[in-house]
Number of protein chains: 2
Amino acid sequence: MTPQPGSAGDVLTLISAGSATTRSDLARLTGLARSTISQRVDALIERGLVEETESGESTGGRPPRQLRLHTEDHAFAGVDLGATHCRVALMDISGNVLAECEDALLIGEGPEKVLAHVDQRLDHLLGQAGRPRTALRAIGIGVPGPVEFATGRPNNPPIMPGWNDYPIPEYFEGVEVLVDNDVNVMALGEHRGAFADTKHLLFVKVGTGIGCGIMAAGTLHRGAQGSAGDIGHIRVSGHEDAGCRCGNSACLEAVAGGAAIARRLTELGLPAETGADVVALVQSGNTQALRLVREAGRLIGEVLASLVNFFNPEVIVIGGALSRVHEHLLAGIRETVYRRSLPLATHHLSITPSRTGINAAALGAGILAIEHYLSPDNINRIVNA
Amino acid sequence: MTPQPGSAGDVLTLISAGSATTRSDLARLTGLARSTISQRVDALIERGLVEETESGESTGGRPPRQLRLHTEDHAFAGVDLGATHCRVALMDISGNVLAECEDALLIGEGPEKVLAHVDQRLDHLLGQAGRPRTALRAIGIGVPGPVEFATGRPNNPPIMPGWNDYPIPEYFEGVEVLVDNDVNVMALGEHRGAFADTKHLLFVKVGTGIGCGIMAAGTLHRGAQGSAGDIGHIRVSGHEDAGCRCGNSACLEAVAGGAAIARRLTELGLPAETGADVVALVQSGNTQALRLVREAGRLIGEVLASLVNFFNPEVIVIGGALSRVHEHLLAGIRETVYRRSLPLATHHLSITPSRTGINAAALGAGILAIEHYLSPDNINRIVNA
DNA sequence: CCAACTTCCGCCGAAGATCGAACAAAGGCC
DNA sequence: GGCCTTTGTTCGATCTTCGGCGGAAGTTGG
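Residues numbered from 1 in each chain as written. Chains lettered and ligands numbered in written order. Predicted model: local features only at pLDDT ≥ 70, side-chain atom pairs only at ≥ 80, totals over all residues. Heavy atoms only, no water.

Visitor: Talk me through the overall build of chain A; I want residue IDs and the actual numbers.
Guide: A count of helical and extended segments in chain A gives 14 helices and 14 strands. Computed over its C-alpha atoms, the radius of gyration of chain A comes to 23 Å, within 12% of the 21 Å expected for a compact globule of 385 residues. Evaluated residue by residue, chain A yields a buried proportion of 57% over its 385 residues. Taking all contacts inside chain A whose residues are at least 6 apart in sequence as the whole, residues at least 24 apart take part in 60%. (Helix = DSSP H or I, 4+ residues; strand = E, 2+ residues; numbered from the N terminus. Rg over C-alpha atoms; globule rule 2.2 N^0.38 Å. Buried < 20%, exposed > 50% of the residue type's maximum accessible area, 1.4 Å probe, protein only. Contact = heavy atoms within 4.5 Å.)

Visitor: Give a description of the pairing of strand 4 (residues 85-91) of chain B that names residues and reports values.
Guide: All names here are of chain B. Along strand 4, six of the seven residues are buried, which leaves the element largely enclosed by surrounding structure. Bridging between strand 3 (residues 75-81) and strand 4 involves six bridges; their strand directions are antiparallel. Pairing of aspartate 80 across the sheet is with arginine 87, part of strand 4. What sits between the antiparallel neighbours strand 3 and strand 4 is a turn of three residues. Where strand 4 meets strand 5 (residues 97-104), seven bridges bridge the pair, whose relative direction is antiparallel. Each bridged residue has a counterpart across the sheet, and for cysteine 86 the counterpart in strand 5 is aspartate 103. The turn linking strand 4 back onto strand 5 is made up of five residues, and glycine 95 within it adopts a positive phi angle of 95 degrees. (Pairing = 2+ DSSP bridges.)

Visitor: Give a detailed account of the protein's contact with DNA strand D, specifying residues and quantitative values.
Guide: Neighbouring residues of DNA strand D: 22 residues in total, closest Ser38, Gly61 and Arg65 of chain A together with Thr36 and Arg40 of chain B. A share of 64% is what sugar and phosphate atoms reach among the atoms of DNA strand D within 4 Å of the protein. Within the backbone of arginine 65 of chain A, one N or O atom sits 2.6 Å away from a phosphate oxygen of DNA strand D. Here serine 35 of chain B contributes a side-chain N or O atom positioned 2.7 Å from a base oxygen of DNA strand D. Elements that contribute at least two residues to the surface near DNA strand D include exactly helix 2 (23-30) and helix 3 (34-46) of chain A together with helix 3 (34-46) of chain B. Per-element accounting of the surface near DNA strand D gives the leading share, four residues, to helix 3 of chain B. Counted by class, the surface near DNA strand D contains four nonpolar, 12 polar and six charged residues. (Near = heavy atom within 4 Å. Polar contact = N/O pair within 3.5 Å; in protein donor to acceptor, adjacent residues only side chain to side chain. Nonpolar A, V, L, I, M, F, W, Y, C, P; charged D, E, K, R; others polar.)

Visitor: An account of the domain arrangement of chain A is needed here, citing residue identities and associated values.
Guide: Once the domains are mapped, chain A shows domain 1 (8-69), domain 2 (75-182 + 361-383) and domain 3 (189-356). Just the C-alpha atoms count here: the centres of domain 1 of chain A and domain 3 of chain A sit 43 Å apart. (Domains from an automatic or database assignment.)

Visitor: Before we move on, can you summarise the nonpolar core with the specific residues and values?
Guide: Residues Phe310 and Ile318 of chain A together with Phe310 and Ile318 of chain B are the most contacted members of the largest nonpolar core, which totals 93 residues. Leaving out residues up to four positions away in the same chain, phenylalanine 310 of chain B has contacts with Leu202, Cys212, Ile214, Ala228, Gly229, Ile231, Leu307, Phe310 and Phe311 of chain A. Membership of the second largest hydrophobic core comes to 46 residues, among which are Leu67, Met91, Val315 and Ile367 of chain A. (Core = buried A, V, L, I, M, F, W, Y, C linked by side-chain atoms within 4.5 Å.)

Visitor: Tell me about the relation of the copies chain B and chain A, and name the residues and values.
Guide: Screw-axis analysis of chain B against chain A gives a translation of 0.0 Å along the axis, an RMSD of 0.1 Å, and a rotation angle of 180 degrees. Seen this way, the second copy is the image of the first under a two-fold rotation axis. Considering only C-alpha atoms, the part of chain B nearest the rotation axis is serine 237 of chain B, at 2.6 Å. Comparing interface residues between copies, 100% of those in chain B also lie at the interface in chain A; the contact surface is shared. (Least-squares fit on C-alpha atoms with pLDDT ≥ 70 in both.)

Visitor: Quick rundown of the sheet that holds strand 11 (residues 210-216) of chain A? Include the residues and the values.
Guide: All names here are of chain A. Here five strands make up an open sheet; going across it, the order is 12-11-10-13-14 and the pairing mixed. Two strands close off the open sheet at either side, each with one partner strand: strand 12 (219-220) and strand 14 (350-353). Note: strand 11 against strand 12, two bridges, orientation antiparallel. What sits directly across from methionine 215, in strand 12, is leucine 220.

Visitor: Please set out the protein's contact with DNA strand C residue by residue, giving values where relevant.
Guide: Surveying the vicinity of DNA strand C reveals 24 residues, the closest of which are Arg40 of chain A together with Ser38, Gly61, Arg62 and Arg65 of chain B. A share of 67% of the atoms of DNA strand C within 4 Å of the protein falls on sugar and phosphate groups. A distance of 2.6 Å separates a phosphate oxygen of DNA strand C from a polar atom in the backbone of arginine 65 of chain B. Where the surface near DNA strand C is concerned, the elements lending two or more residues are helix 3 of chain A together with helix 2 (23-30) and helix 3 of chain B. Per-element tally for the surface near DNA strand C: the top contributor is helix 3 of chain A, with five residues. When grouped by side-chain class, the residues that make up the surface near DNA strand C number five nonpolar, 12 polar and seven charged.

Visitor: Talk me through the interface of chain B and chain A; I want residue IDs and the actual numbers.
Guide: Facing the 52 residues of chain B at the interface are 52 residues of chain A. Note on chain B versus chain A: buried area summed over both sides is about 4500 Å², and carbon and sulfur give 56% of it. Linking chain B with chain A are zero salt bridges. Our count for the contact surface shared by chain B and chain A stands at 18 residue pairs in polar contact (both at pLDDT 80 or more). Of all the secondary-structure elements, those providing two or more residues to the side of chain B that touches chain A are helix 1 (8-17), strand 11 (210-216), helix 10 (287-311), helix 11 (326-340), helix 12 (343-346) and helix 14 (376-384) of chain B. In terms of residue count, helix 10 of chain B provides more of the side of chain B that touches chain A than any other element does, six residues in total. Residues belonging to the side of chain B that touches chain A are distributed by class as follows: 23 nonpolar, 20 polar and nine charged. (Buried area = accessible area lost by both parts, 1.4 Å probe. Salt bridge = Lys/Arg side-chain N within 4 Å of Asp/Glu carboxyl O.)

Visitor: Describe in detail the packing of aromatic side chains, supporting the description with residues and values.
Guide: All chains considered together, the criterion is met by nine aromatic pairs over all chains. Centre to centre, the rings of tyrosine 171 of chain A and phenylalanine 172 of chain A are 5.3 Å apart; their planes meet at 70 degrees, and the pair counts as edge-to-face. Exposure remark for tyrosine 171 of chain A: the relative accessible area of 29% places this residue in the partly exposed category. Taking the centre distance of 5.9 Å and the plane angle of 75 degrees together, the rings of phenylalanine 310 of chain A and phenylalanine 311 of chain B count as edge-to-face. Taken together, the residues phenylalanine 310 of chain A in helix 10 (residues 287-311) and phenylalanine 311 of chain B in helix 10 connect one chain to another. For phenylalanine 310 of chain A, a relative accessible area of 0% puts it in the buried group. Among the residues examined, phenylalanine 311 of chain B registers a relative accessible area of 1% and is labelled buried. One cation-aromatic arrangement involves arginine 222 of chain A over phenylalanine 149 of chain A; the distance from NZ or CZ to the ring centre is 3.5 Å. (Phe/Tyr/Trp six-rings, centres within 6.5 Å; stacked < 30°, edge-to-face > 60°. Lys NZ or Arg CZ within 6 Å of the ring centre and 35° of its normal.)

Spelled out as structure tokens, the structure:
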């Protein structure tokens, strides 16, 4: 229950985080005797979790033997299930992608069909990477709807017919499965990949709909029912006429989501259906589309301005399909946030486009799986077994 | 760094939280041998942190000796500094109030004068409780403005002239001092006092201004600059004409804060200046005042509806001066939140008035001090010294 | 009222974990 | 090549923890 540094799990955490690459580092960081560290490292090597690489640079004495995660024996999968697609990334224990794939897949087909597809893809990718199925330690899955994280069951998801309360982890046998909302895993992936030393971060996904993943104190904030971050249905002023699929009106998503922009473009005589169509129009230089995207940015910025006052994040990352035209979206967002939020909160705030891009969700889901496996508790269990 | 249950600090945490009251409980909860537990408990008793009380109920065998925090040798202070008042509560280590006092005090007098006043009050209360100054282990202070928690320095506080960047802890020698925003300590006090098993809670203070304390995963979320929870300057729709002291317009505080309501009542020919005046008018049955309070509730509810979608708390507690007429305020808040937030987030959400009342801040500040002192790390340091 | 049973708690030898000193290894520096 | 620095291992000493035993202090049942 208390920080008492020194278990094998802690040692591995330090190696995994890159905080320590040699036995001496570990001794210094943990305060343990060098002999004790050696013993811990030996145990980790014996379990195939750590390996020694070439000797490092000498600093005037014997050069230290470098340590790193042993990347051969284990595999992890990150699965990104969207409304109409499925991406799977196979990763090694240090987060490198070994193989990945993407196909069209309708989530509305229901859990059995979709998960069977995922399972088959997993086998395929494992074969491609030359690793046996038994190497697969954990799977992370991001789904487009709220999930009860502890059980991996979707919780009344609006766009996942047939999935309500379906126990996704039970479908896969012999592997640990973690299921979370897609925006949450994107936030996790972005945080670990690009902003690891940031404590409080918001990841805003602007696609067909609008959602937000929340990193608070370095961990995902999921809220009481796992529905935290559902900012798509926050009301924006001056759009009472815009009805939303949720039954209310003036929801952010109903005026600034990709679908909403597409609809308004269609009304202007520019046929568009999806966020991708909007992006295409903007990239073709259409000024109407550009104006609408920037206006959407302002509306999103209005909501984010409130959330900046409330949550006081260090970084806001903008991702999702529409972030492909992020310069215009960001212009609107920044303009509003910096005008409407308190100076203290905005002074050190940065608002940036996603760095992980299209694969954000799959990578984040994989990281969710890896971090679960590498958690000190789990490692101690493995080492002491 | 890892949960490795068993240090003296952990044992004390279990006793303090009431999770364990006997040595057997401790052995069961920690998984340590009974003999080891006895040794830990002995050390804690020797340091004057734990004491044995009467034997408990027998369950068929020898009755266990009950353990509890030793409340005699230590004292902690919680200080609530408002714009115009100062409350100090002296508490024992288990959070019971030994003595308290309240006086009018203008925070604008500046740190030296105000802190000298606090110091004198502390001596007075210690005398009243019959404890020497040396018994005072830690002081928690809540101030009406943003604070850099790590250093205890106010950060550009708007209503605390002369306090900017003043290192409050250094004023007190030989005692640990923790300084935080007043709303934060109120949230902490309310959480520990009434909603200890709640993970995510918002405490909304409606007084002259409007602020919010955030408990996320059982701990205070302070944000990157310690300005999290500053919801008073979130924009509400349809009140563009209402100018706010922050320079923007349509801020929640400028339309629904106690000062704003008082101003509007004055315009209606009902002279009022402060939140207390508003409360008095409502309690006297004035329908104009009642209408305005309810309307203020709706506006606050509009903002909270957004935050419920974003943060997904289990409980929202309403406190502050205006919560004395909470039935009317809450009616407006509930009405709007339940209409505008997503069903998943509101289904198990409860919105209730504060239970700790007028002393919320002083109690919360005291709890901040006590929890700091009782933190496993600190206790281990004390026991191993 | 007393014996049998249950639970609690301290004592103590055994087992295990950690430490630190000494030593070996491997490079840099002159 | 000799000396210095840093790294890593070996090994006995020390400290911690465990768990069995017995005494303490109750309840239960005849």
